[in-house]
Amino acid sequence: MTDDAPEPPSGLRAMLPDLAPWRASRDFRRLWYAGLISNFGSFLTFVALPVQLKDLTGSAAAVGAIGAVELIPLLVFGLYGGALADAWDKRKLIVWTEAGQGLLSVALLLNALLPHPAVWPLYVVAALSSALVSVQRPALDSLWPRIVAHDHLPAAASLNSFRWTVGGVAGPALAGVVVAYAGLGWAYGADLLTFAVSVVLVVRIAASPASHEAAKPSLKAIAEGARYAWGRKELLGTYAVDLAAMFLAMPLALLPFLADELDAEWSLGLMYASVPLGALLVSLVSGWTARIHRHGRMVVVAAALWGLAIAAAGIMSNVWLVLLFLTVAGGCDMVSGIFRGIMWNQTIPDELRGRLAGIELLSYSVGPTVGQVRAGGFASYWGVRTSVWSGGVLCAGAVGLLALCLPKLMTYDARTDRHAAQVRDQRAAAQV
């Protein structure tokens, strides 16, 4: 915080989200609305796609295989997408990838309307969607620091998390109803509409061309970003902790089967909504995050608690307790995500931000993607609930080991970190 910045609010106001980025930046508001709308639609498809696969195949392994087909595009385009984000106009990348996602929604809609929908298009669309998201997310993540003041970045991280969770709560909850009573076609059609609206909003934000120091997209440029990340052990820790947590304790592919096993098919939409609901509740009282400076410790503690909450959800036989612990898990994941985002945005220089955002994408996306395969495979051999609770226990243990192996993550302090100071000075000089 700058010396002339106002004192942080106290009491109840200190718990509420800080709206300073919203008031200060018109582009932030437009991008926030675009993300809210497209996320809402994406969560409709997020629920509809595994439900359709379950109905067509009846196999937990087939549903978990969605992660397998998403993995290679994620690995390839995540890293290259980061290099593109540093070298190209970030707004254009976001617009074109958003439009591409809309076309994939058209394909899902047409397949769902067939008398006998095919299985293979679901996997093809999942792979192509993974590629587009992998190109878009580094551009999106590296754009926020450009349109938000440096001191507003913690507040922006909380507001972006709130935006995601609103769609995450409303989308799955509505998807459960829409799929059950209106059909898959309506879910895919609504997703298409949200992408169209999002494109209209994003094209209105200011252009965001490459920094003059940015390297052209190439393997050399990608390697430069990787070397920088490897040299920053506190950053490496944030990647490793999230990768472990999501790989070992991401049970979403199993929720349709868990609902069946608990004889509570009606609860599927609520199960999908519970994790983002917990995140939403945390984001509503996220004002406290601005007063925390040891961000690495919060990442570790929250990730370990995520694993323990998932383990509890797998053990419980009462569906309401399952929903409760999934909600707790979502809140813990939100805390971890907020502090990871603050560390990334406040300490990585602009000319490397896209490439590091590509690595970040892998850290929080490869885990859930491969985790679906792990969860489905475990469930096939040892049962659905065993797959869920064992993953949570392994997650908590892995996070603890990583904290011991990467002490710089635990000692990171935003007030004294030299990288945070350098980025703060860089942004101040750019505004002169």
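Residues numbered from 1 in each chain as written. Predicted model: local features only at pLDDT ≥ 70, side-chain atom pairs only at ≥ 80, totals over all residues. Heavy atoms only, no water.

**Student:** Is there a simple way to explain the overall build of the chain in this structure?
**Tutor:** Helix and strand counts for the chain come out as 18 helices and zero strands. A globule of 432 residues ought to have a C-alpha radius of gyration of about 22 Å, and the chain, at 21 Å, matches this closely. With the C-alpha coordinates of the chain rotated into their principal frame, the extents come out at 60 × 45 × 40 Å. In the chain, the proportion of contacts linking residues at least 24 apart, taken out of those at least 6 apart, comes to 88%. Roughly 18200 Å² of accessible area belongs to the chain as shown, and the carbon and sulfur atoms make up 69% of that amount. Mean positive and mean negative side-chain charge positions of the chain (31 and 28 charges, respectively) differ by 5 Å. (Helix = DSSP H or I, 4+ residues; strand = E, 2+ residues; numbered from the N terminus. Rg over C-alpha atoms; globule rule 2.2 N^0.38 Å. Contact = heavy atoms within 4.5 Å. Areas by Shrake-Rupley, 256 points an atom, 1.4 Å probe, with all protein chains shown as cover. Lys, Arg positive; Asp, Glu negative; His and termini not counted. Charge placed at Lys NZ, Arg CZ, Asp CG, Glu CD.)

**Student:** Got a minute to help me understand a nonpolar patch on the surface in this structure?
**Tutor:** Taken together, the side chains of Ile 72, Leu 75, Val 76 and Phe 77 define a hydrophobic patch exposed on the protein surface, amounting to about 360 Å² of accessible area. Checked against the element boundaries, Leu 75 lands in helix H4 (residues 60–87). (Patch = residues over 30% accessible without salt bridge, like charges linked within 9 Å, V, L, I, M, F, W, Y side chains within 5 Å. Salt bridge = Lys/Arg side-chain N within 4 Å of Asp/Glu carboxyl O.)

**Student:** I would appreciate a short explanation of the pattern of salt bridges in the present structure.
**Tutor:** A side chain of one charge can pair with a side chain of the opposite charge if their charged atoms are brought near each other. Here the structure, examined in full by the defined rule, presents 10 salt bridges. The partner of Asp 86 in a salt bridge is Arg 355, with the nearest N and O atoms 2.8 Å apart. Residue Asp 86 is located in helix H4, and its partner Arg 355 is located in helix H15 (residues 350–382); the two are separated by 269 residues in the primary sequence. This pair shows no difference in class: Asp 86 is buried, exactly as Arg 355 is. The partner of Arg 415 in a salt bridge is Asp 413, and the shortest N-O contact between them spans 2.8 Å. (Buried < 20%, exposed > 50% of the residue type's maximum accessible area, 1.4 Å probe, protein only.)

**Student:** Where do I start with the packing of aromatic side chains in this structure?
**Tutor:** Each aromatic ring pair is characterised by the separation of its centres together with the angle its planes make. One pass over the structure, following the stated rule, counts 12 aromatic pairs. Between Phe 378 and Trp 382, the ring centres sit 5.2 Å apart and the planes meet at 65°, which makes this aromatic pair edge-to-face. Taken together, the residues Phe 378 and Trp 382, both in helix H15 and four residues apart, mark about one turn of the helix. Since its relative accessible area comes to 28%, Phe 378 is described here as partly exposed. The exposure class of Trp 382 is exposed, given its relative accessible area of 57%. The rings of Trp 22, Trp 32, Tyr 33 and Phe 162 are connected pair by pair, giving a single aromatic cluster. Of note, Lys 233 hangs over the ring of Trp 230, and the distance from its end group to the ring centre comes to 3.9 Å. For the cation-ring pair, Arg 374 lies above Phe 378, with the distance from its terminal atom to the ring centre recorded as 4.8 Å. (Phe/Tyr/Trp six-rings, centres within 6.5 Å; stacked < 30°, edge-to-face > 60°. Lys NZ or Arg CZ within 6 Å of the ring centre and 35° of its normal.)

**Student:** Explain the packing of helix H13 (residues 295–315) against helix H14 (residues 319–347) to me, please; I cannot follow it from the model alone.
**Tutor:** Packed helices, taken two at a time, are described by their axes: the angle between them and the distance between them. Here H13 crosses H14 at 160°, and the two axes come no closer than 8 Å. Taken together, the axis directions place H13 and H14 in an arrangement best described as roughly antiparallel. Judged by the sense of rotation from one axis to the other, the crossing of H13 with H14 is left-handed. Residue composition of the contact of H13 with H14, grouped by class: 20 nonpolar, five polar and two charged. (Axes fitted to C-alpha atoms, helices over the stretch in contact; angles between N-to-C directions. Parallel < 35°, antiparallel > 145°, perpendicular 65-115°, else oblique. Left-handed = near helix turned anticlockwise from the far one by under 90°. Nonpolar A, V, L, I, M, F, W, Y, C, P; charged D, E, K, R; others polar.)

**Student:** It is not clear to me how the nonpolar core should be interpreted in this structure. Could you clarify?
**Tutor:** Within soluble globular proteins, side chains that are nonpolar tend to cluster in buried spots. Judged by nonpolar contacts, the single largest core of 80 residues is most densely connected at Tyr 188, Leu 255, Met 271, Trp 306 and Leu 326. The residues touching Leu 326, leaving out its near neighbours within four places in the chain, are Leu 255, Met 271, Ser 274, Val 275, Ile 310 and Ala 313. Core analysis: the second largest hydrophobic core is formed by 24 residues, Val 135, Ala 156, Val 199 and Leu 201 among them. (Core = buried A, V, L, I, M, F, W, Y, C linked by side-chain atoms within 4.5 Å.)

**Student:** Is there a simple way to think about unusual backbone geometry in this case?
**Tutor:** Glycine aside, the phi torsion of most residues is negative, and most peptide linkages are trans. Even without glycine at this site, Asp 263 takes up a positive phi of about 55°. For Asp 263, the location among the structural elements is in the loop between helix H11 (255–261) and helix H12 (268–284). Among the residues examined, Asp 263 registers a relative accessible area of 60% and is labelled exposed.

**Student:** What am I meant to see in H4 here?
**Tutor:** In an α-helix there are 3.6 residues to a turn, and that puts residues three or four apart on one side. Here H4 is 28 residues long and its end C-alpha atoms lie 41 Å apart, about the 40 Å a rise of 1.5 Å per residue gives. Two to three positions downstream of the cap, the backbone nitrogen of Ala 62 sits 3.1 Å from a side-chain oxygen, assigning the N-cap of H4 to Ser 59. (Expected span 1.5 Å × (residues − 1). Polar contact = N/O pair within 3.5 Å; in protein donor to acceptor, adjacent residues only side chain to side chain.)

**Student:** Mind showing me how you'd approach the packing of H4 against helix H6 (residues 120–147) here?
**Tutor:** H6 packs onto H4 with a crossing angle of 35° between their chain directions and a minimal axis gap of 7 Å. In this structure, H4 meets H6 at a crossing whose hand is right-handed. Grouping the amino acids of the contact of H4 with H6 by side-chain chemistry returns 16 nonpolar, six polar and one charged.

**Student:** Would you take a moment to explain helix H5 (residues 90–112) for this structure?
**Tutor:** Taking 1.5 Å of rise per residue, the 23 residues of H5 would be expected to cover 33 Å, and the 33 Å separating its terminal C-alpha atoms lies within 8% of that figure. The backbone nitrogen of Arg 91 lies 2.9 Å from a side-chain oxygen of the residue at the head of H5, namely Asp 89.

**Student:** Explanation requested: the side chain of Asn 345 in the structure shown.
**Tutor:** Residue placement: Asn 345 occurs in helix H14. By relative accessible area, which is 12% here, Asn 345 ends up buried. A distance of 2.7 Å separates polar atoms of two side chains, one belonging to Asn 345 and the other to Arg 353. Those residues within four positions of Asn 345 in sequence are excluded, and the remaining contacts are Asp 141, Pro 145, Leu 153, Arg 353 and Val 423.

**Student:** Sorry if this is basic, but what is going on with the environment of Ser 198 here?
**Tutor:** Inspection of the secondary structure puts Ser 198 in helix H8 (residues 184–202). Along the sequence, Ser 198 and Gly 102 sit 96 residues apart, while their C-alpha atoms lie 9.9 Å from each other.

**Student:** Teacher, can you tell me more about the side chain of Ser 267 here?
**Tutor:** Among the secondary structure elements, Ser 267 is positioned in the loop between H11 and H12. Excluding residues within four positions of it along the chain, Ser 267 makes contact with Ala 259 and Val 319.

**Student:** Help me out: how do you make sense of the environment of Asp 151 in this one?
**Tutor:** Structurally, Asp 151 is set in the loop between H6 and helix H7 (153–181). Counting along the chain gives 123 residues from Asp 151 to Ser 274, while the straight-line C-alpha distance between them is 32 Å.

**Student:** Help me understand the confidence of the model for the chain, please; the structure alone is not making it clear to me.
**Tutor:** For residues with low pLDDT, the predicted coordinates do not support detailed interpretation. Confidence in the prediction of the chain, expressed as mean pLDDT, is 85, and 94% of residues score 70 or more. Mean pLDDT across the elements of the chain ranges from a minimum in helix H1 (residues 12–15), with 60, to a maximum in H13, with 95. For the stretch residues 1–6, pLDDT sits under 50, and the model shows three contacts to residues farther than four places along the chain or on other chains. (pLDDT = per-residue confidence, 0-100.)

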